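Descriptive structure summary
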Amino acid sequence: MAETSYELYIMPGCPYCRRVTTWLDEHGINIPLKDITTDHDAEQTLIAVGGKRQVPCLFIDGVPLYESADIIEHLSKIFDC
């Protein structure tokens with residue numbers, strides 16, 4: 001069975017992004033981060049796939065999940081936290 005891929009699209013200074021990244025740090029979970037302010041390709045992917053430039057956005061096998069609380073809830077179930 002293939003592993004699920006995760007990528008978290010963020011912007012530094014965004015309090016909702018910080019909420020998710022702090023939670024990840026507290027639980028020792030490493031997910032690739034895509035900073036849309038410095039990575040133009042990531043920004044374009046976020047807009048192309050999700051239809052908007054909203055962060056934080058967790059891509060789960062390429063499918064976007066928005067809202068920090070929803071992201072944390074999803075990850076806490078997946079990583080049993």
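Please refer to the structure higher up on the page.
Residues numbered from 1 in each chain as written. Predicted model: local features only at pLDDT ≥ 70, side-chain atom pairs only at ≥ 80, totals over all residues. Heavy atoms only, no water.

The subject of this paragraph is helix α2 (residues 40-50). For α2, the complete set of buried residues consists of Ala-42, Glu-43 and Leu-46. Viewed along the axis of α2, the buried residues span an arc of 105 degrees, placing them on a single side of the element. Along α2, exposed side chains directed more than 90 degrees from the buried face belong to His-40, Asp-41 and Ala-48. Contact partners of the buried residues in α2: β1 (6-10), β2 (33-35), β3 (57-60) and β4 (63-66). For α2, the N-terminal capping position is held by Asp-39, with its side-chain oxygen 3.2 Å away from the main-chain nitrogen of Asp-41. Gly-51 occupies a position one or two residues after α2 and carries a positive phi of about 80 degrees. (Buried < 20%, exposed > 50% of the residue type's maximum accessible area, 1.4 Å probe, protein only. Helix = DSSP H or I, 4+ residues; strand = E, 2+ residues; numbered from the N terminus. Arc of directions from axis to C-beta. Contact = heavy atoms within 4.5 Å. Polar contact = N/O pair within 3.5 Å; in protein donor to acceptor, adjacent residues only side chain to side chain.)

Our focus in this paragraph is the state of the cysteines. The full count for this structure, using the stated rule, is zero disulfides. Of all cysteine sulfurs in the structure, the one in Cys-17 sits closest to Cys-14, which takes part in no disulfide; the separation is 3.1 Å. By relative accessible area, Cys-14 is classed as buried at 11%. On the basis of relative accessibility, which here comes to 2%, the residue Cys-17 falls in the buried class. (Disulfide = S-S within 2.5 Å.)

Residues of helix α3 (residues 68-78) that are buried include every one of Ser-68, Ile-71, Ile-72, Leu-75 and Ser-76, and no others. For α3, the arc enclosing every buried residue in end-on projection is 130 degrees, short of the 170-degree limit, so these residues lie on one face. Buried residues belonging to α3 abut β1, α1 (15-26), β3 and β4. Asp-80 lies just past α3 and shows a positive phi near 55 degrees.

Omega for the bond connecting Val-55 with Pro-56 falls within 30 degrees of zero, at 0 degrees, which places this linkage in the cis form. Summarising the element assignment, Pro-56 is placed in the loop between α2 and β3. If you check the backbone angles, Asp-61 has positive phi at about 50 degrees while not being a glycine. By the secondary structure assignment, Asp-61 is in the loop between β3 and β4. In this structure, Asp-80 takes a positive phi of about 55 degrees despite not being glycine. When you line up the elements, Asp-80 lands in the segment after α3.

Worth remembering: the numbers are spatial, not functional.
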